[in-house]
Amino acid sequence: MSQSITIPRPDDWHLHLRDGAMLAGIAPETARHFARAIIMPNLVPPVVTSADATAYRERILAVTSADFIPLMTLYLTEDTDPADVVAAHKGGIISAVKLYPAGATTNSASGVVNFENVYPVLEAMAENGIPLLCHGEVTDSEIDIFDREAVFIDRVLDPIRQKFQGLKVVMEHITTADAVAYVQDQPENLAATITTHHLVINRNHILVGGIKPHYYCLPVAKRERHRQALVNAAISGDKRFFHGTDSAPHTDDAKESACGCAGCFTATNTLSILAHVFENGSALQNLERFTSRNGPGFYGLPVNSDTITLVKSDSPVEYPAKIETDAGPVTVFDPGFPLFWRVVQ
Ligand code: DOR
Ligand code: ZN
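The following refers to the structure shown.

About the criteria used
- Residues numbered from 1 in each chain as written.
- Chains lettered and ligands numbered in written order.
- Predicted model: local features only at pLDDT ≥ 70, side-chain atom pairs only at ≥ 80, totals over all residues.
- Heavy atoms only, no water.
- Helix = DSSP H or I, 4+ residues; strand = E, 2+ residues; numbered from the N terminus.
- Rg over C-alpha atoms; globule rule 2.2 N^0.38 Å.
- Buried < 20%, exposed > 50% of the residue type's maximum accessible area, 1.4 Å probe, protein only.
- Contact = heavy atoms within 4.5 Å.
- Areas by Shrake-Rupley, 256 points an atom, 1.4 Å probe, with all protein chains shown as cover.
- Lys, Arg positive; Asp, Glu negative; His and termini not counted.
- Charge placed at Lys NZ, Arg CZ, Asp CG, Glu CD.
- Near = heavy atom within 4 Å.
- Polar contact = N/O pair within 3.5 Å; in protein donor to acceptor, adjacent residues only side chain to side chain.
- Nonpolar A, V, L, I, M, F, W, Y, C, P; charged D, E, K, R; others polar.
- Core = buried A, V, L, I, M, F, W, Y, C linked by side-chain atoms within 4.5 Å.
- Expected span 1.5 Å × (residues − 1).
- Bend = angle between axes of the 7 residues up to and from the residue.
- Salt bridge = Lys/Arg side-chain N within 4 Å of Asp/Glu carboxyl O.
- Axes fitted to C-alpha atoms, helices over the stretch in contact; angles between N-to-C directions.
- Donors = N, O, S within 2.8 Å, 3.2 Å for Na, K, Ca; no water.
- Pairing = 2+ DSSP bridges.

The next point concerns the overall build of the protein. When you go through the protein residue by residue, the secondary structure sums to 11 helices and 13 strands. Taken over C-alpha atoms, the radius of gyration comes to 19 Å for the protein, in line with the 20 Å a tight globule of 345 residues would show. A burial count over the protein gives 58% of its 345 residues as buried. Contacts spanning at least 24 positions in sequence make up 74% of the contacts within the protein whose residues lie at least 6 apart. About 13600 Å² of surface is accessible on the protein, with carbon and sulfur atoms providing 50% of the total. Separation between the mean location of the 27 positive side-chain charges and that of the 40 negative ones in the protein comes to 5 Å.

This is the structure:
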């Protein structure tokens, strides 16, 4: 008899949907399996006001199934108005605010240079229970790219959390054992998302045997021992760790370039990959905590009442190598091994 597992419908706690033709082409890949997703605001121009978030939400709803719920975020800048943030959260327009250190990643030019300039916003967020979602990398040119997450914890995140002790913070897409240890050591107003791809690849996958642009993302994948720390955190069931794909589509010509964009597109096959990872870790029973329970717990939302079922097949699951969009083709993340867990609705 084939093996199967039924879990509450998952959410994606960190997702890039883009806009226009790309949005229309890739949004259904997420809406097919996920009930809700935290939508990243790094559009060009970014989503900085509650009016921007309202308009972007409408554009998402126009291209997704009726039961998909986008949970909107605002892009924190040094000009962000604390009152607008609080009103947007109270009005149910946004679920969180995203902090990009300026220059850290794709479309982060409007991000924060001087963190003290956003203290009034952080203070208002702490008072009103609004989560801060951090792209946790420093951008100083003298800091090695593989050390930027660990240095961010010491130099930026910990001082902010000391100053605003009630602030709810999510360290997004963590990539290091240092981040896992930091989260485990802190009170429950700190949590972390872990991506699908960081559970699968280490830096060798990007660089050995020729450079693999579709494995390049930010924060960049680290050594194997860090990947193992992420897997152990994810499969542990610990409520402070939950799934955010960071699925970040770029067209193939933007990825396969002399200066390729950062981002792995995992929306299409992410649940099959996660089931594989959790089964390998003998922790399938904890998959639902990671995908469906821990995130709502942190955000104070109900667990989805409907379910999805994954069935393990004898033959590999087929999925498209690329999603063809009107903006161009987007390559689907290749985990490097066959997948046997198939999502059945
Ligand atoms: O790899 C990434 N891609 N990391 C990010 O932080 C941003 C994202 C994107 O927007 O493409
Ligand atoms: Zn992201």
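With that settled, consider the site of ligand 1. Taken together, 14 residues form the shell around ligand 1, and within it R18, N42, T105, L218 and H250 come nearest. Between N42 and ligand 1, the recorded distance is 2.8 Å, taken from a side-chain N or O atom to an oxygen atom. One nitrogen or oxygen atom from the main chain of L218 is found 2.7 Å from a nitrogen atom belonging to ligand 1. A breakdown of the residues in the shell around ligand 1 according to their chemical character gives 4 nonpolar, 8 polar and 2 charged.

What follows is about the nonpolar core. L17, M171 and L310 are the most contacted members of the largest nonpolar core, which totals 95 residues. Not counting residues up to four positions away in its chain, the partners in contact with M171 are C134, I153, L157, A179, Y182, V183, L190, A191, A192 and T193. Among the nonpolar cores identified, the runner-up in size contains 13 residues, and M40, L71, F242 and F298 belong to it.

With 13 residues, helix α11 (residues 287-299) should reach 18 Å at 1.5 Å per residue; the first-to-last C-alpha distance of 18 Å fits that figure. For α11, the principal kink sits at R293 and spans about 45 degrees; a proline, P296, occurs within the next four residues. Those residues of α11 that fall on the buried side of the exposure criterion are L287, F290, T291, S292, N294, G295, P296, F298 and Y299. Downstream of α11 by one or two residues, G300 has phi in the positive range, about 70 degrees.

Close approach of charged atoms allows side chains of opposite charge to pair. For the structure shown, the criterion picks out 12 salt bridges. E279 is paired through a salt bridge with K312; the nearest N and O atoms lie 2.9 Å apart. Separated by 33 residues along the polypeptide, E279 in helix α10 (residues 270-280) and K312 in strand β10 (residues 307-312) bring together distant segments of the chain. What makes E279 partly exposed here is its relative accessible area of 24%. When its relative accessible area of 27% is taken as the criterion, K312 is described as partly exposed. E288 is paired through a salt bridge with R293; the nearest N and O atoms lie 2.6 Å apart. R293 gets classed as partly exposed once you look at its relative accessible area, which sits at 37%.

Quick look at the packing of helix α6 (residues 177-184) against helix α8 (residues 224-236) now. At a minimum axis separation of 8 Å, α6 and α8 run at an interaxial angle of 35 degrees. On the side of α6, the interface is formed by A177, D178 and V180, while α8 contributes R225, H226, A229, L230 and A233.

Okay, the coordination of the zinc ion (ligand 2) next. Within the first shell, the zinc ion (ligand 2) binds the protein through H14 (NE2), H16 (NE2) and D246 (OD), at distances of 2.0 to 2.1 Å. Taken in sequence order, the residues that donate to the zinc ion (ligand 2) follow the motif H-x1-H-x229-D. Placement of H16 in the loop between β2 (12-15) and α1 (20-31) and of D246 in the loop between β9 (241-243) and α9 (252-255) is noted, with a sequence separation of 230 residues between them. Pair check on accessibility: H16 and D246 agree, each one buried.

Taking strand neighbours across the sheet as the criterion, the 3 strands line up as β1-β10-β13 in an open arrangement whose pairing is antiparallel. Only two strands of the sheet have a single partner each, and these edge strands are β1 (4-8) and β13 (341-344). On average, adjacent strands in this sheet sit at an angle of 25 degrees to one another, irrespective of strand direction. Docked against the sheet, α10 engages β10 and β13, running at close to 130 degrees with respect to β13. Where α11 meets the sheet, its contacts fall on β1 and β10, and the angle it forms with β1 comes to roughly 25 degrees.

Here we come to the sheet that holds strand β4 (residues 69-75). Strand order in the open sheet formed by 8 strands is β2-β3-β4-β5-β6-β7-β8-β9, and the pairing between neighbours is parallel. A single partner strand is all that each edge strand has here, and the edge strands are β2 and β9. Strand-to-strand, the axes of this sheet are offset by a mean angle of 30 degrees, without reference to chain direction. Looking at chain direction, β4 and strand β5 (residues 94-99) are connected through 4 bridges and run parallel. Bridge assignment links L74 to a residue of β5, and that residue is V97.

Remember that the coordinates give geometry; whether it matters functionally is a separate question.
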